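# Observations on the model geometry
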Number of protein chains: 10
Amino acid sequence: MPRPELLEFFDSPTDAPFVVEHVHEEFTSLCPKTGHPDFGRITIRYEPAAVCVELKSLKLYFHSFRNEGIFYEAVTNRIRDDLAQGLSPRWLQVVTDWHGRGGFRSRIIATTGSVPKSWERP
Amino acid sequence: MPRPELLEFFDSPTDAPFVVEHVHEEFTSLCPKTGHPDFGRITIRYEPAAVCVELKSLKLYFHSFRNEGIFYEAVTNRIRDDLAQGLSPRWLQVVTDWHGRGGFRSRIIATTGSVPKSWERP
Amino acid sequence: MPRPELLEFFDSPTDAPFVVEHVHEEFTSLCPKTGHPDFGRITIRYEPAAVCVELKSLKLYFHSFRNEGIFYEAVTNRIRDDLAQGLSPRWLQVVTDWHGRGGFRSRIIATTGSVPKSWERP
Amino acid sequence: MPRPELLEFFDSPTDAPFVVEHVHEEFTSLCPKTGHPDFGRITIRYEPAAVCVELKSLKLYFHSFRNEGIFYEAVTNRIRDDLAQGLSPRWLQVVTDWHGRGGFRSRIIATTGSVPKSWERP
Amino acid sequence: MPRPELLEFFDSPTDAPFVVEHVHEEFTSLCPKTGHPDFGRITIRYEPAAVCVELKSLKLYFHSFRNEGIFYEAVTNRIRDDLAQGLSPRWLQVVTDWHGRGGFRSRIIATTGSVPKSWERP
Amino acid sequence: MPRPELLEFFDSPTDAPFVVEHVHEEFTSLCPKTGHPDFGRITIRYEPAAVCVELKSLKLYFHSFRNEGIFYEAVTNRIRDDLAQGLSPRWLQVVTDWHGRGGFRSRIIATTGSVPKSWERP
Amino acid sequence: MPRPELLEFFDSPTDAPFVVEHVHEEFTSLCPKTGHPDFGRITIRYEPAAVCVELKSLKLYFHSFRNEGIFYEAVTNRIRDDLAQGLSPRWLQVVTDWHGRGGFRSRIIATTGSVPKSWERP
Amino acid sequence: MPRPELLEFFDSPTDAPFVVEHVHEEFTSLCPKTGHPDFGRITIRYEPAAVCVELKSLKLYFHSFRNEGIFYEAVTNRIRDDLAQGLSPRWLQVVTDWHGRGGFRSRIIATTGSVPKSWERP
Amino acid sequence: MPRPELLEFFDSPTDAPFVVEHVHEEFTSLCPKTGHPDFGRITIRYEPAAVCVELKSLKLYFHSFRNEGIFYEAVTNRIRDDLAQGLSPRWLQVVTDWHGRGGFRSRIIATTGSVPKSWERP
Amino acid sequence: MPRPELLEFFDSPTDAPFVVEHVHEEFTSLCPKTGHPDFGRITIRYEPAAVCVELKSLKLYFHSFRNEGIFYEAVTNRIRDDLAQGLSPRWLQVVTDWHGRGGFRSRIIATTGSVPKSWERP
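## Looking at the overall build of chain A
Scanning chain A from N- to C-terminus turns up 2 helices and 6 strands. Taken from N to C terminus, the helices and strands of chain A fall in the order β-β-β-β-α-α-β-β. Over its C-alpha trace chain A gives a radius of gyration of 15 Å, about what one expects of a compact globule, namely 14 Å for 122 residues. The C-alpha extent of chain A, read off along each of the three principal axes, is 45 × 30 × 20 Å. By the burial criterion, 47% of the 122 residues in chain A qualify as buried.

Following this line, the structure appears as structure tokens:
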């Protein structure tokens, strides 16, 4: 079961705007229809307002989906909502990239706020 | 014969805007002139209004082109029209990439609606 | 000798705007100075107004440059002009990429019309 | 239904030993269990004894598997047997590489004869 | 808990020697020390004596390691032993490739029998 | 301990605007929590106002982080501040890309000023 | 010693706007501090007003830097100035990419004029 | 028409055994059936006995196939024979790699002599 | 100072021969001449006799070179000797790959014992 | 003028056999026919008998070819001879890879001694 209470946050080291990107290559959950495992990459990008998410706690939060039956679209929106609640960020983007199934691969993108100036031309 | 009636849809898990991309690497149809098989990749991207397309039904819909004689340009516009009718999306883009023939490769792009904000910088 | 009369056109399958890209990896002509063969890739992109160019006729048209002595810049502008005359497109872009010569590689880009909306984020 | 009678052969242009490799990226057949399409790459390598296989006839022979329900292992051995009968080669190797299914990809290799000297260090 | 009883086998389609390779990109188990998930690729290669392993049953067998705490070296040898028992193959090789941990990546190789002639120059 | 006093600057060779990018692939510091080494790539991009940073002095400045315990976010903002003080640039962007840890990789971006016109389409 | 007098120019084959890009992978000069050779790639992009630069003369001009001691930033601005004088272009961009030195690689960009419309989406 | 009389040779600079490899990426001839151009890469490898082939003359020799209708297998054996006659090499290998046609790509290998010791582990 | 006493070993899970490979991408030591950091990748491969090296202890052992001035050749032979003493392996190979310095990159290989049969065709 | 007297050697750190490989990406000399610069990569591999070549001296030795007119084949054999004289190695291999010229790229390999056991499976 996704456990957002695992997420920890720390004070941003500066008031100046900056952008953080974390890419997790080893996300796995279960397909709610077949029970088979799904595998994907989760990318989160955000401009902190006052706090940043602690990396190890983010990993444990992602691990809590391991035996959860949940659709691609729901995973993506769930992560956006859980992180948005803890971060209250100026901008947050969650991108999920799912491995091939039957000749398909999929990507879901959920966002809050506007792309910050610091994210231009990275 | 393309069978849009195979397409199934489910309610979007959120009212917040987000974007979905499905890439199918194994599309095949027939050249209407020579009868030889054509092979390509189909990419669909959309911002759902109220419903999403179910992935397995999308696969079966694509399989229904397998023995159909149809030009690149017609395939692309046909898929856009069939999906637009079922999804009534805020935005929909269909990109088809066709394998090399005689030293050529081709790409066709058909769109409805405007690129959504969530699709910036993916 | 370039033979634009080889180009054939067919009616666009839809009135809705869409974009076509054809990439030809096997273009060859001769250097007018040395007589040595030049090799390159020709990319054409266009938004049809009423007609599309037939792929096989495009190949034969490109083959007609095989023993022609002509500069990179002239090839590019010649193709743009020949295609623009037959297509009367909303937008047309011709990009030529030339293999390395003496540690150099070159690209020439010639355009008519404005980048269409359908070509955003392909 | 696989149609080996489509295969055509021509006399080898030399008595000196040499090796031929043809790679076909667009093989498709059907899974005999599910009826879903399988996609793969077929590589054939051989040292001709007296005849070579004609390339276009090889393509048509491969196309004849398009709507055939047949397992990976059977496709590979069937192609080896059909080609070995027509070529009577000094050496023949058939390698099939199958696209991902459920996180798996597969390769089957069937051979007759010994790797020829001409195939060292290709 | 690894469940070798899930493995199913079918008769080889030919008496002629050939080689099979299956690559599974989505293996996951748990580290027995930390409980954190491990991720890896499992490659099996074998020359069948009389039977082949059925692909879907192989996938389910691999899934049975999902919540098992087990070391890299033990996973590799366990899979070799389970498959060798069911296949009685002429040759069997199991290669496991494990994702990076702390700047390390690892590969374990366990084998029974000798590399068959059909596996030369694949 | 980071030693910004190591940084040296030289007069820009022109008054015309231009952009400089330096990419350092071999940055290493220590994790302040575990004491384990972190490794990353540091990219700095700037439009000089009057002075440029001397490359060898930049290398020595980066080396001064070698045995410093400091978080990703703090490294990035520290470098931006140290360089901004010495360069007084029209634009400065610092991008740090950190190697994988536990299936994660991270990027932090800190900026001062606006993307200059010379940086379009690089 | 850089010899801009080697540069030759020819009349543009058309009045219609187009863009030219030449990439030279084999630029070498000397470090004015150490005397050691520097190696890099020079990319020039321009929209001709009335004339184009002749490719072979450009090569000889670049060769004239071979035994010259000159900094990265100075090379880039020197080339921009020499070419701008001969071309009087609507737009000119010079990008230099320098090989790794001590774990660093560098890029300098110097421009005159505005990115032309023909250079959109190349 | 292939013109082996264009080939020039020079004395090997040493009596010690060594190996030479030349790769030509821009070979083109015509299909004798359809008249359409074929494109490929020609690799020659040899251990000189007393003479080496001069590179520019090799290029002109290859150019002499430009408007010749000739099959893949014949090109390969023809080049081996023409070079073997002029070089009398200790070892010679000609590899031709042909671009995709109808989903196929092909490679032909013709050899004289045995792989020399100097070619181990290149 | 290299600290081989950090290395820990555990009993091999099987008596059957198998091979282990660990690749560490983040090795760093110091140049004994200049004091500047060196960076490299260390690959160890071995066939265990009775024990395996514990991965985390191997990492800490590698970290103990961080502030040590030592040449490439000496690092490689030192690691081989330290591991050979603890493992008493049937086969051990240490490969070090060093990042570019002044346009050079280097690899050193030190071995004890003979390549085992299980390492064929990995 | 090539200056082998620049080469310096140091005592091998061990009596146990091992192998060294240095790859230099930035070799440049002049074509003795045209005076135009040639660019290439030089790879040297050797098993030391008693001494190793010092890396910086190797670089300076390579730089001494910068303004020398010399053919590919002669460069390769010259380097082998100069290094063999100083190293008296158990095995030495010199591989030169030359950038494209007129659609060609070339590789020359010169060797003394036999491939050592330590170089198996690198």
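Having put the structure on the table, let's press on.
## A short note on the relation of the copies chain B and chain A
Relating one copy of the chain to the other takes a rotation about an axis and a shift parallel to that axis. Expressed as a screw operation, the relation of chain B to chain A combines 0.0 Å of axial shift with a rotation of 72 degrees, fitting to an RMSD of 0.0 Å. The superposition of one copy onto the other is thereby described by a five-fold rotation axis. Interface overlap between copies: only 5% of the residues of chain B at the interface are likewise at the interface in chain A, consistent with a contact formed by different surfaces.

## As for the environment of D:Ala49
Residues and elements named next belong to chain D. By the element assignment, Ala 49 lies in the loop between strand 3 (37–47) and strand 4 (51–53). Given 14 C-beta atoms within 10 Å, Ala 49 falls into the partly exposed group. On a C-alpha basis, the gap between Ala 49 and Val 95 in space is 20 Å, while along the polypeptide they are 46 residues apart. Residues in contact with Ala 49, not counting those within four places in the same chain, are Ser 88, Pro 89 and Arg 90.

## Some details on helix 2 (residues 72–87) of chain C
In a regular helix each residue adds 1.5 Å, so 16 residues correspond to 22 Å; helix 2 of chain C covers 22 Å between its end C-alpha atoms and thus fits that length. Positive phi appears at C:Ser88, one or two residues downstream of helix 2 of chain C, with a value of about 40 degrees.

## Quick notes on the interface of chain B and chain A
Interface extent is often summarised as the accessible area lost during association of the parts. In this assembly, 20 residues from chain B lie in contact with 17 residues from chain A. Secondary structure elements with two or more residues in the side of chain B that touches chain A: strand 2 (18–30) and helix 1 (55–63) of chain B. When residues in the side of chain B that touches chain A are grouped by element, the largest group, 9 residues, is from strand 2 of chain B. A breakdown of the residues in the side of chain B that touches chain A according to their chemical character gives 10 nonpolar, 4 polar and 6 charged. Taken together, the 7 bridges between strand 6 (residues 104–113) of chain A and strand 2 of chain B define a ladder with antiparallel strand orientation. Residue pairing across strands places A:Arg107 opposite B:Glu21, the latter belonging to strand 2 of chain B.

## Quick look at the pairing of strand 2 (residues 18–30) of chain A
Residues and elements named next belong to chain A. Note that strand 2 and strand 3 (residues 37–47) share 9 bridges and pair antiparallel. From the neighbouring strand, His 24 faces strand 3, where its bridge partner is Ile 42. Following strand 2, the chain reverses through 6 residues before pairing antiparallel with strand 3; Gly 35 in that reversal takes a positive phi of roughly 80 degrees.

## Some thoughts on the interface of chain F and chain A
Taken together, the 17 residues of chain F in the interface contact 20 residues of chain A. Those elements giving two or more residues to the side of chain F that touches chain A turn out to be helix 2 (72–87) and strand 6 (104–113) of chain F. Broken down by element, the side of chain F that touches chain A gets its largest block of residues, 8 residues, from strand 6 of chain F. Of the residues that constitute the side of chain F that touches chain A, the class distribution is 8 nonpolar, 6 polar and 3 charged.

What counts, and where the lines are drawn
- Residues numbered from 1 in each chain as written.
- Chains lettered and ligands numbered in written order.
- Predicted model: local features only at pLDDT ≥ 70, side-chain atom pairs only at ≥ 80, totals over all residues.
- Helix = DSSP H or I, 4+ residues; strand = E, 2+ residues; numbered from the N terminus.
- Rg over C-alpha atoms; globule rule 2.2 N^0.38 Å.
- Buried ≥ 20, exposed ≤ 12 C-beta atoms within 10 Å, placed from the backbone.
- Least-squares fit on C-alpha atoms with pLDDT ≥ 70 in both.
- Contact = placed C-beta atoms within 7 Å.
- Expected span 1.5 Å × (residues − 1).
- Nonpolar A, V, L, I, M, F, W, Y, C, P; charged D, E, K, R; others polar.
- Pairing = 2+ DSSP bridges.

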